[in-house]
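Listed below, chain by chain, are the residues.
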Amino acid sequence: MEYESVLLVKQEVFVYKIPPRQSNRGYRAADWNLSEPTWTGRLRMVSKGKTLAIKLEDKTNGALFANCPVEAYPGVAIESVSDSSRYFVLRIQDDNGRNAFIGLGFGDRSDSFDLNVALQDHFKWVKNEEQIEKEKVEPKQQLDLGFKEGETIKINMKITKKDGSEAGARTGGVKKAGGLGLLPPPPGGSKIAPPPAAASPSHQPAAGSVGQTEWGEFTSAGAKPTAATTPSKTNANWVQF
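Quick caveat, the model's predicted, so the values are computed rather than measured.

Enquirer: I'm lost on the overall build of the protein chain in this one. Help?
Expert: Helix and strand content of the protein chain: two helices and seven strands. Looking at the protein chain as a whole, 22% of its 241 residues are labelled buried. Within the protein chain, contacts between residues at least 6 apart in sequence are counted, and of these 53% link residues at least 24 apart. Total accessible area on the protein chain is roughly 19200 Å²; 53% of this is exposed by carbon and sulfur atoms.

What follows is the structure in structure tokens.
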């Protein structure tokens, strides 16, 4: 069940008897004798579902003076005049379906502005409702994101290890020596001398000197080395430190 909704109320409007239109250039309010309106009363704009009507009623008892069904806006049911924003031409209709045209005026421009806004809002709502009903009957075509027969997809994935390095990454061209990760010695480098031979028993420290310090072997580090512990300078494979 549809209920009647009141969209706009203006407590004072003016109705004029207008002459027939002389040309296609539109109506002019200056031709209406604006100082002597034919009727003064109240305007109510009401809707019932998608239908809309402008009702002119008596301000005291609410008796209906004229009814203007509005099928579209802009349209022939209500038209603006060419020389003012406060005046319109309404096509009124009686119960027998007979039509007549009258002039409608407001005392303030803000009232005529409210009338325009209410008309536009109603028909915008009607358009949206019709679009919703159309989509219910004919739903929008859904995008088909599934794979067609024979279609494949290729994904390049970068997999990293826990330490942040890339899996399967190649080394920087350095070959491992002996499988232990050691680099070979550089060519032409100096050879490190082998350790000196074990000292003869005659060079063993005295028993009393060992008890004096644990570092007895190093107490004479500042002393001049003997010939027995000095590597031969003639050995080219040894390096003197």
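Still to come is the rest of the account.
Enquirer: When you look at the sheet that holds strand S7 (residues 99-105) in this model, what are you seeing that I'm missing?
Expert: Strands in a sheet are paired, the pairing made by backbone hydrogen bonds, and the direction either parallel or antiparallel. Spatial strand order, S4-S3-S2-S1-S7-S6-S5: seven strands in an open sheet with antiparallel pairing. Looking along the sheet, the strands with just one partner apiece sit at the ends: strand S4 (64-70) and strand S5 (78-80). Here the average twist between neighbouring strands, direction ignored, is 30°. One ladder, built from six bridges, connects strand S3 (residues 51-57) with S4; its direction is antiparallel. Pairing of Leu 52 across the sheet is with Val 70, part of S4. In the packing of helix H1 (residues 109-137) onto the sheet, contacts are made with strand S1 (4-16), strand S2 (39-48), S3, S4, S5 and strand S6 (87-93), and the angle to S1 comes to roughly 145°.

Enquirer: Got a minute to help me understand the packing of aromatic side chains in this structure?
Expert: Two aromatic rings, taken as a pair, are described by how far apart their centres are and by the angle between their planes. One pass over the structure, following the stated rule, counts five aromatic pairs. Relative to Tyr 87, the ring of Trp 32 lies with its centre 6.1 Å away and its plane at 85°, an arrangement referred to as edge-to-face. A residue pair is termed long-range when its members are at least 10 positions apart, and Trp 32 in the loop between S1 and S2 and Tyr 87 in strand S6 qualify at 55 residues. For the pair Phe 88 and Phe 106, a centre-to-centre distance of 6.2 Å together with 85° between the ring planes defines the contact as edge-to-face. On the criterion of sequence distance, the pair formed by Phe 88 in strand S6 and Phe 106 in the loop between S7 and H1 is long-range, its members being 18 residues apart. Take Phe 88 and Phe 106: they sit in the same class, and that class is buried. Ring pairing ties together the aromatic residues Tyr 16, Trp 32 and Tyr 87, which thus form one cluster.

Thresholds, definitions, all that
Residues numbered from 1 in each chain as written. Predicted model: local features only at pLDDT ≥ 70, side-chain atom pairs only at ≥ 80, totals over all residues. Heavy atoms only, no water. Helix = DSSP H or I, 4+ residues; strand = E, 2+ residues; numbered from the N terminus. Buried < 20%, exposed > 50% of the residue type's maximum accessible area, 1.4 Å probe, protein only. Contact = heavy atoms within 4.5 Å. Areas by Shrake-Rupley, 256 points an atom, 1.4 Å probe, with all protein chains shown as cover. Pairing = 2+ DSSP bridges. Axes fitted to C-alpha atoms, helices over the stretch in contact; angles between N-to-C directions. Phe/Tyr/Trp six-rings, centres within 6.5 Å; stacked < 30°, edge-to-face > 60°.

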